Amino acid sequence: MMGCTQLLLLIPMLLAAEHHSITEAFSLVSTAPAPVRRATTTTLSSTVENFFEQPSQQVVQDDLPTIATAGESQSIQLRSVDKDALINTSIFIIAIATVVTTVLSVDVGITRGWTAEEIALRIPLDNWRSYTNILSMAPIETKAVTSATVYTIGDIIAQKTEGLDIGKLDRGRILRSALAGLIGHGPMSHVWYHVSEDFFDNTLHLHAWWDFVPKVVIDQLVFGPIWNNSYILLLGIMQLQKPGQIFGDMKRSTIPLLISGLKLWPFVHCITYGLIPVENRLLWVDLVEIVWVTILANQANNSEAQPADDKDR
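Residues numbered from 1 in each chain as written. Predicted model: local features only at pLDDT ≥ 70, side-chain atom pairs only at ≥ 80, totals over all residues. Heavy atoms only, no water.

A. Fine view of the packing of aromatic side chains. One pass over the structure, following the stated rule, counts seven aromatic pairs. Seen in terms of ring centroids, Tyr 193 and Tyr 273 are 6.1 Å apart; in terms of plane orientation they differ by 65°. Their pairing is edge-to-face. Of this pair, Tyr 193 sits in helix H6 (residues 171–203) while Tyr 273 sits in helix H9 (residues 265–274), placing them 80 residues apart in sequence. Members of the aromatic cluster, connected to one another through ring pairs, are Tyr 151, Trp 227 and Tyr 231. (Phe/Tyr/Trp six-rings, centres within 6.5 Å; stacked < 30°, edge-to-face > 60°. Helix = DSSP H or I, 4+ residues; strand = E, 2+ residues; numbered from the N terminus.)

B. Representation of helix H8 (residues 243–262) in the model. Between the first and last C-alpha of H8 there are 28 Å, a value that for 20 residues agrees with the 28 Å anticipated at 1.5 Å per step. In the structure, H8 departs most strongly from a straight axis at Ser 253, where the bend amounts to approximately 40° and where the proline Pro 256 lies between one and four residues downstream. Of all the positions in H8, only Ile 246, Asp 249, Met 250, Ser 253, Leu 257, Ser 260 and Gly 261 are classed as buried. (Expected span 1.5 Å × (residues − 1). Bend = angle between axes of the 7 residues up to and from the residue. Buried < 20%, exposed > 50% of the residue type's maximum accessible area, 1.4 Å probe, protein only.)

C. Quick peek at the confidence of the model for the protein chain. Summarising the model, the protein chain shows a mean pLDDT of 78, and 67% of its residues fall at 70 or more. In this model residues 1–22 is a low-confidence stretch, pLDDT under 50, and it forms 27 contacts with partners more than four residues away in sequence or in other chains. Residue range residues 308–313 is modelled with pLDDT below 50. Its contacts to residues more than four positions away, or to other chains, number one contact. (pLDDT = per-residue confidence, 0-100. Contact = heavy atoms within 4.5 Å.)

D. Spatial organisation of the packing of helix H7 (residues 212–238) against H9. Viewed as axis vectors pointing N to C, H7 and H9 meet at an angle of 130°, and their least axial separation amounts to 9 Å. Viewed along their axes, H7 and H9 adopt a mutual orientation that is oblique. Judged by the sense of rotation from one axis to the other, the crossing of H7 with H9 is right-handed. On the side of H7, the interface is formed by Phe 212, Lys 215, Val 216, Asp 219 and Gln 220, while H9 contributes Trp 265, Pro 266, His 269, Cys 270, Tyr 273 and Gly 274. Here the contact of H7 with H9 is built from residues that sort into six nonpolar, three polar and two charged. (Axes fitted to C-alpha atoms, helices over the stretch in contact; angles between N-to-C directions. Parallel < 35°, antiparallel > 145°, perpendicular 65-115°, else oblique. Left-handed = near helix turned anticlockwise from the far one by under 90°. Nonpolar A, V, L, I, M, F, W, Y, C, P; charged D, E, K, R; others polar.)

Below is the structure:
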């Protein structure tokens, strides 16, 4: 057992090792008596080992929760994406299967003895006849469902053009667009085409071959802006946006949408008002509108993102 003198010599050496530097500690050891040098060298060696080992162990221990947390987060995110992809894919498969089955089964039960050519010819004709029968019995409801279908397809295309995978498609946004077509575009278009035709035929008595020209102009300057803003209004209400934000989106979008519409609709409506019967105009317009709805959905989505961009600035 070392004496008091040796202990007193050991203390400053240990303090030097802990609070100053290893070099200073070993310089003190070299001047100490032999028994103290042996005891102190052992202690200093232990101190050096602890000095270098403990921080590395601590760093490893500190990094483990971070690595685990990142792995868990990535795993959760992967499971979420896979789940959404499965749900969206299932919805698309069910919808496509339903449409195909409905179209192909229009003549079920009466095709005995028909050739393949006869079946291929009759299926589109009989589907068209079925559609016109339903249209004559329930014109507003039929046009509403037609527009809802078109707006659904258009919004899906719009999201795909934004680079979203099937698992990241916004189902809420798709549903809002479908409802806008169902309760907005279909019924409003039905009323507009009948009012427009009645106004030019029975009020202005305009029956010249060129009467489609003023109809196209009025459509673009009156109904076009009305519907575009109604679309944004419906989306804003369904998203529970504040009135100020909704009207701000309408103000920002009115002119750009009008200009975008002039690139497409005047040419389309030359056929709409010049060749297509009133009852079938919405169907024709809806077929073309898949392209337009893609533009409209992108514009509305940009308006939704505008407040967040302004806030970031």
